[in-house]
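In case you want the letters, here they are:
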There are 2 protein chains.
Amino acid sequence: MTQLAEKYDVFQAIADPTRRHVLQLLAASDKPITHISEHFAISRTAVVKHLKILEQAELVSAKKKGREKIYTLHVERLKEIEDWLQYFDLFWDNKLAQLQNFVEKE
Amino acid sequence: MTQLAEKYDVFQAIADPTRRHVLQLLAASDKPITHISEHFAISRTAVVKHLKILEQAELVSAKKKGREKIYTLHVERLKEIEDWLQYFDLFWDNKLAQLQNFVEKE
DNA sequence: ATTTTATAATACCTTATGGTTGCATGTCAA
DNA sequence: TTGACATGCAACCATAAGGTATTATAAAAT
């Protein structure tokens, strides 16, 4: 979290439950930091660190508005995960087919 | 990795590139540890630790066959991720609609 | 019976992760 | 112009993560 790592990818970003929750909050609407951190039991500083990681993964971005910093979700970035999962769809379908075959033979 | 953590979930499991690669290898066919670790530059011990994490996430399981331990993928477990992503589909569709709206007005 | 192969178990190391507190700075409202 | 509010930043901390190397054990093959 001590953002020494130069780049966080989407898979690492969604590994943490807090970060997944943040993404869902932002899906509903753009939000400033304070508003986001109110949803968690951890400190604001900790939430900010999570936001930075999400930012590095380009899952969110922020724009300053007065004294607030408003975060926005970039849903499109989740496609990277969907794409990876798609690789397994083939095998998933195979499993279903095997099952169907088994049922038919009964 | 020092499997002190009692439970790894699917999201944590797929966060690591090596583990994602292992899953793809196993998608093709069941494999014993040695065969799997041949695909990586890291030590067999390290690969085994990754396999244990995948096992905890129930993404794979193993059965002993003679002196070999053969690992099998459980694709179904990836559904958990698909389900989570589905939550965002709505917002993704909204984005597309907005874009379409924008294009039409031009 | 001995060697080879496949895995298991342990100890150890370095860096990343997720969190904290305290203090500084910028901005809006009275 | 003085608080109050929103954020920024630095230092620090404990534990998890990812890796290594070494030694032990079980099963095949010679």
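Residue positions within a chain follow its written sequence, with the count starting from 1. Each chain takes a letter, starting from A, and each ligand takes a number, starting from 1, following the order in which they are written. Confidence filtering applies because this is a predicted model: local features only for residues at pLDDT of at least 70, side-chain atom pairs given and counted only at 80 or more, and all residues used for totals across whole chains, interfaces and linings. Excluded from the side-chain calculation are hydrogens and water; included are all heavy atoms of the structure.

Chain A is annotated in an unreviewed UniProt entry as DNA-binding transcriptional ArsR family regulator from Lysinibacillus parviboronicapiens.

## A word on the environment of B:Ser29
What counts is decided by this rule: Only DSSP runs of H or I reaching four residues or more are called helices, and only runs of E reaching two or more are called strands; each is numbered from the N terminus.
Take B:Ser29: it is sitting in the loop between α2 (17–28) and β1 (31–32). Separated by 44 residues in the primary sequence, B:Ser29 and B:Leu73 place their C-alpha atoms 8.3 Å from one another.

## Focus: the side chain of B:Thr72
Residue and element names in this part refer to chain B. Condition: Polar contacts, as counted here, are pairs of nitrogen or oxygen atoms within 3.5 Å of one another; within protein the pair requires one atom able to donate a hydrogen and one able to accept it, and residues that are adjacent in sequence qualify only if both atoms are side-chain atoms. When checking whether two residues touch, look at their non-hydrogen atoms; a contact exists if any pair is within 4.5 Å.
Mapped onto the secondary structure, Thr 72 falls in strand β3 (residues 68–73). A polar contact of 3.3 Å, which involves the side chain of Thr 72, links it to the side chain of Asp 30. Those residues in contact with Thr 72 that sit more than four places away from it in its chain are Asp 30, Leu 59, Val 60, Ser 61 and Lys 63.

## A short note on the sheet that holds strand β2 (residues 60–65) of chain A
All names here are of chain A. As a reminder of what qualifies: Each pair of strands is called paired provided DSSP finds at least two bridges between the two strands. With axes taken as lines fitted to C-alpha atoms, and helix axes fitted only over the stretch in contact, angles between N-to-C directions fall between 0 and 180 degrees.
As summarised here, the arrangement of the 3 strands in space is β1-β3-β2, forming an open sheet in which the pairing is antiparallel. In this open sheet, the two edge strands, each paired with only one partner strand, are β1 (31–32) and β2. The strands touched by helix α2 (residues 17–28) within the sheet are β1, β2 and β3 (68–73), with β3 carrying the most contacts at an inclination of about 95 degrees. Running at roughly 120 degrees to β2, helix α4 (residues 44–56) makes contact with β2 and β3 of the sheet.

## A word on the environment of A:Arg67
Within the secondary structure, A:Arg67 is located in the loop between β2 and β3. Each C-alpha atom of the pair A:Arg67 and A:Lys52 lies 18 Å from the other, and the pair is 15 residues apart in sequence.

## Regarding the interface of chain B and chain A
Rules: We define buried area as the total accessible area lost by two parts upon association, computed with a 1.4 Å probe and summed across both. In what follows, salt bridge is the name for a side-chain nitrogen of Lys or Arg lying within 4 Å of a carboxyl oxygen of Asp or Glu. Throughout, the ten residues Ala, Val, Leu, Ile, Met, Phe, Trp, Tyr, Cys and Pro are labelled nonpolar, Asp, Glu, Lys and Arg are labelled charged, and all others, Gly among them, are labelled polar.
Taken together, the contacts link 25 residues of chain B with 25 residues of chain A. When the two sides are added together, the surface that chain B and chain A hide from each other amounts to roughly 2600 Å², 74% of it contributed by carbon and sulfur. On the surface where chain B and chain A come into contact, there are 0 salt bridges. If you look at where chain B meets chain A, you find 0 residue pairs in polar contact (both at pLDDT 80 or more). A total of 11 residues in the side of chain B that touches chain A trace back to one element, the largest contributor, which is helix α5 (residues 79–105) of chain B. Classifying every residue of the side of chain B that touches chain A by side-chain character gives 16 nonpolar, 3 polar and 6 charged.

## Details of the packing of aromatic side chains
Filter applied, for reference: Pairs were defined over the aromatic rings of Phe, Tyr and Trp, the Trp ring being its six-membered one, requiring ring centres within 6.5 Å. Orientation was assigned from the angle between planes: stacked under 30 degrees, edge-to-face over 60, tilted for the rest. Burial classes follow relative accessibility: with a 1.4 Å probe on protein chains only, a residue under 20% of its type's maximum area counts as buried, one over 50% as exposed, and anything between as partly exposed. Here, over-ring charges are defined by two tests on the NZ atom of lysine or the CZ atom of arginine: distance to the ring centre within 6 Å, and angle to the ring normal within 35 degrees.
Inspection of every chain in the model, using the stated rule, returns 6 aromatic pairs over all chains. Taking the centre distance of 5.7 Å and the plane angle of 80 degrees together, the rings of A:Phe11 and A:Trp84 count as edge-to-face. Remark: A:Trp84 occurs in helix α5 (residues 79–105) and A:Phe11 occurs in helix α1 (residues 10–13); sequence separation between them is 73 residues. By the burial criterion, A:Phe11 is buried, and A:Trp84 matches it. One aromatic cluster is present, built from ring pairs that chain together A:Phe11, A:Trp84, A:Tyr87 and A:Phe88. We note B:Arg20 situated over the ring of A:Phe11; from NZ or CZ to the ring centre the distance is 3.9 Å.

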